[in-house]
Amino acid sequence: MLLKTSLRTFFAHKGRMILSLFAIVLSVAFVSGTLVFSNTATSTFDKLFASTASDVSVTQTPPKKGVGPSGGGNPLIVPAKLVQRVAVQPGVKSAKGAISVANTGLVNSKTNKAIGSGGGGPTIVGAWVPGPRTPLTITSGSAPVGSGQMMIDADTATAAKLHVGDRIRATNELGTFDYTISGIATFTGTNPGATLGYLDVPTAQHDLLGTATGFTSIEVFGTGSASNDRLKSEITAAVGTGYDVKTAAQQKADNGKDVGSFLNFMKDAMLGFAFISLLVGGFLIVNTFSMLVAQRTREIGLMRALGGSRRQVNRSVLIEALLLGVIGSTLGMLAGLGVAVLLIRLMAMVGMKISSSLTIGANVPIACYGVGIIVTVLAAWLPARRAGKISPMAALREHGAPVDKATNRKRIVLGLVLTVLGAAFQVVGAMGGQKGEVIGGASVTMIGVVVLGPLLVTGVVGLLGKVLPAVFGTSGTLAQRNTVRNPRRTGATAAALMIGLTLVTGFSVVASSTVSSSNAHIDRSLAADYLVDGGQTGLTSAMLASVKRTPGLDHVTEEKFVMSTLTPPKGPGTDLAITAVSPSILKDLQVPAGSGSMAAVINDGGISIDQTFATQNNLKVGDMITVDYGKGWTQSVPVRLITTEGNPFFDRQSFIAISTVAKVLPADRMPVDGAFFVKAASGADKARTYQALQDSLTAYPLATVQDRAGFKQLSQQRVSVLLNLIYGLLALAIIVAVLGVINTLALSVVERTREIGLLRAIGLSRRQLRSMIRLESVVIAVFGALIGTGLGVAWGIADQRAEKATGMNVLSLPVTTIVVVLLLSAVVGLLAALVPAFRAGRMNVLTAIASD
């Protein structure tokens, strides 16, 4: 009977629950889409790596794991003589020398534009050596033969509008090489997003390695008579020390690390925003069931009078919530498939190709139903609890049960305690530089404000509402009174919008402060006029020579990133990419010195360390540090500078002179330059010099030139990209909040049907009635926006203060953004009221008066 009653009630009010259902669908779709996308991407790359990896691979052990932005020095080479030694090992079917490097850039000779640099994926050039698991097949033209031919992959050819017979150029430290495209190869499976170029073996050895007797790896395929681990063991013994021998499983794990970290970051970020959407949707569900329970007070009272227990009434409401959760979760899970497809297409636009065949694991339905149902039932628990408390006498009352004043007092006390406690955490975190405490405090404050919602509604909306009668007359007066009539409902409706706008405003303050702080650091630290960046492939000696020939320059400073391990006299070593620079760096950077000087680092063969490293290892100027570049290339150098903290350009950095590194590191292991700092000559026209510098690198489009203004703009763009992504994701939460306003107004119109009929009967026009509904919506939206903006600004300021020590030392409030947010909130309120106001205006007066 209980289930039957619940089903009848649910379907009797299905129209009133449809917006709550939509909120659940949106939130669960985000969870479903994220998980399906993650599963599909992981499956795609697992299949790719598993299908292309050799049984065993042999490469030279790098001096240090990891390389700097310039890709390190010349590629690591495996001698050709080892190929035959590996090929004769038991269980080996074939062993082939392979060449693949990532330090060579490709340029479209016709347009003189870099190929593949904008997609985000790596550019890999190598030798075409077909094997048992070659991932590409030639679909146009032919394989490269001779020194003047290159084959490229189909996706690169399409993106760059290249065809067989077109010209292409490659640039690396060995020189610039021109080729004709001999063929185009297409992936048999999925292209991971890389830009690929292939030469024949002799050409690849000459142009990429600078030797005719080596490869970058040996790829081994077994006969199947021995396991890969057994093959690895025998091959390791055969090649000796100095080489990394990896099985297919190990290659797959290594290849998947970078992809996995990127996918996990996306997954965690999107699930975080899905949680926010579910939280906001929870307020909508609470409001929906609260209003439905209030409208059914007499009905529930009659059920109690006929013998229904509190538990039965409670269960009846929870069963309705369960039904809503099941339906919403099912629809949301299906809608998530569309979200996953959209994410896959977005990844394709930035160069990462993922299979269009979706992978739906068991984690998808478990998460979707678990999250959707649990959130819905929990959100309906409070209204269900209130429903269970309705007495049989409520059936005889005209209106709902009276408000429990004791509960309200407890609510106010709890809200005040949480708000004050959260604010205290934020203040302590801001003063102590603890970002975690600031975020935790902001969360607690937000919860406290939500709990205090009814009290704030009475005060803030009461003040806002005073303007309404003066401007809008009778409609304004009624709107004001209706808004504060049920402060708990108004507070819950506004809370959903408040959460979204708190996050938007907070992130805006942090982003604006980050940009302003970065600009201040650039003005204070960078004395150079221009910066030349080498990107993925670095800057070659030919580029350096071309830059130095530019008229109007005072000097050019080289910057290299050298992988090393710094070991103090006492304590463990720390892996770090130290920054090796030429002497003119003293004219280009104002390094914040705590003790010592940058001049001593350059002139006395020393090294700089940051304050954190010095404190952790109890180091001072004059102490010796061992710098290990790998493979026995080590040197002991004195600490000549300890930099102060608070500048992101120098925190966690160590500087050393290029000449100091060159004393122990062989020339062929010295990395190419990652960047140049360039200073205009005294009296030179900086604008003309800037243009001349750009012209000098016309033949090298892989290099980018920025003046100081451009460098600032680049820093701002990086923040803007992240901020726009955050805004886009938060838009879902705001959409759900808007649905909450619509739902509240729609249910409120139904709840006040008789009242609306009486107002119309005593002379309120349809226009005035619609204005009343719209004004209620605007007041709710503006109330939520004001509270949310205030909380967001407070959180942003506290976060900036907490991160002051790490370099965010300029507070910048985005006033324009804040004003726009407030104005848009009023617009959102107007739009949310359109349908409810239209329905209210169309009510038949006599029918409305006769309703119960």
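Heads up: the structure comes first, above all this text.
The model shown is predicted, which means the values in this text are computed figures rather than measured ones. Each residue is numbered by its place in its chain's sequence as written, counting from 1. Restriction of local features to residues with pLDDT of at least 70 applies here, the model being predicted, together with a cutoff of 80 or more for giving and counting side-chain atom pairs; totals for whole chains, interfaces and linings are based on all residues. Calculation of side-chain values draws on the structure's entire complement of heavy atoms; hydrogens and water are dropped beforehand.

1. Notes on a nonpolar patch on the surface
A cluster of nonpolar residues, Val820, Leu824, Val827, Leu831, Leu834 and Val835, forms a patch on the protein surface that exposes about 530 Å² of accessible area. Ranked by residue count, the leading element in the nonpolar patch is helix H25 (residues 815-832), at 4 residues. Relative to the helices and strands, leucine 834 resides in helix H26 (residues 834-841). Residues with no salt bridge and a relative accessible area higher than 30% make up the patches, which join like charges within 9 Å and nonpolar side chains (Val, Leu, Ile, Met, Phe, Trp, Tyr) within 5 Å. Residue exposure ignores everything except the shown protein chains as possible cover, and the areas themselves are Shrake-Rupley values with a 1.4 Å probe. Salt bridge criterion: a side-chain nitrogen from Lys or Arg within 4 Å of a carboxyl oxygen from Asp or Glu. Helix and strand assignments follow DSSP, with helices taken as H or I runs no shorter than four residues and strands as E runs no shorter than two, numbered in order from the N terminus.

2. Examining the packing of helix H24 (residues 766-802) against H26
Fitting a line to C-alpha atoms yields each axis, with helices limited to the stretch in contact; the angle taken between N-to-C directions then spans 0 to 180 degrees. At a minimum axis separation of 9 Å, H24 and H26 run at an interaxial angle of 150°. In terms of orientation, H24 lies roughly antiparallel with respect to H26. In this structure, H24 meets H26 at a crossing whose hand is right-handed. Between H24 and H26, the residues in contact are Arg766, Leu769, Arg770, Ile773 and Arg774 and Pro836, Ala837, Phe838, Ala840 and Gly841, respectively. Grouping the amino acids of the contact of H24 with H26 by side-chain chemistry returns 6 nonpolar, 1 polar and 3 charged. For classification, angles of less than 35 degrees are called roughly parallel, those exceeding 145 degrees roughly antiparallel, those between 65 and 115 degrees roughly perpendicular, and all remaining angles oblique. It is the rotation of the near helix from the far one that decides the hand of a crossing: anticlockwise by less than a right angle makes it left-handed, clockwise makes it right-handed. Two residues form a contact once any of their heavy atoms are found within 4.5 Å. Each residue is assigned to one of three groups, with Ala, Val, Leu, Ile, Met, Phe, Trp, Tyr, Cys and Pro labelled nonpolar, Asp, Glu, Lys and Arg labelled charged, and all others, Gly among them, labelled polar.

3. Quick look at unusual backbone geometry
You will see that lysine 161, though not glycine, has its phi angle at about 55°, which is positive. Position of lysine 161 among the secondary structure elements: in the loop between helix H4 (154-160) and strand S10 (167-172).

4. Side note on the packing of aromatic side chains
Two rings belonging to Phe, Tyr or Trp (six-membered ring only in the last case) form a pair when the distance between their centres is within 6.5 Å. Interplanar angles under 30 degrees mark stacking, angles over 60 mark edge-to-face geometry, and anything in between is tilted. Under the definition given, this model contains 4 aromatic pairs. Measuring from ring centre to ring centre gives 5.2 Å for tryptophan 128 and tyrosine 198, while their planes differ by 75°; the resulting arrangement is edge-to-face. A residue pair is termed long-range when its members are at least 10 positions apart, and tryptophan 128 in the loop between strand S7 (123-127) and strand S8 (136-141) and tyrosine 198 in strand S12 (residues 195-199) qualify at 70 residues. Only protein chains enter the calculation, and the probe is 1.4 Å; a residue is then buried if its accessible area is under 20% of its type maximum, exposed if over 50%, and partly exposed in between. By relative accessible area, tyrosine 198 is classed as buried at 15%. A centroid spacing of 6.0 Å and a plane angle of 50° characterise the contact between phenylalanine 650 and phenylalanine 655, whose relative ring orientation is tilted. Considered together, phenylalanine 650 and phenylalanine 655 belong to a single accessibility category, that of buried residues.

5. Digging into the pattern of salt bridges
Following the criterion strictly, the structure yields 10 salt bridges and no others. Ionic pairing is found between aspartate 55 and arginine 133, a salt bridge with its closest N-O pair at 2.8 Å. Highlighted residues: aspartate 55 in the loop between helix H2 (14-52) and strand S1 (56-60) and arginine 133 in the loop between S7 and S8, separated in sequence by 78 residues. Given the relative accessible area of 10%, aspartate 55 is considered buried. Put simply, arginine 230 and glutamate 234 hold a salt bridge, and the shortest N to O gap is 3.1 Å. A residue pair is termed a helical-turn pair when its members lie 3 or 4 positions apart in one helix, as arginine 230 and glutamate 234 do in helix H6 (residues 228-239) at 4 residues.

6. Observations regarding the nonpolar core
Here, the term nonpolar core denotes a set of buried Ala, Val, Leu, Ile, Met, Phe, Trp, Tyr and Cys residues that are joined through side-chain atoms within 4.5 Å. Val280, Met498, Ile499 and Ile773 are the most contacted members of the largest nonpolar core, which totals 53 residues. At 14 residues, the largest contribution of residues to this core is made by H24. With residues up to four places along the chain from it excluded, the contact list for methionine 498 reads Met446, Val449, Val450, Gly784, Ile787, Gly788 and Leu791. Listed in part, the 37 residues of the second largest apolar core include Val86, Ile99, Val101 and Ile235.

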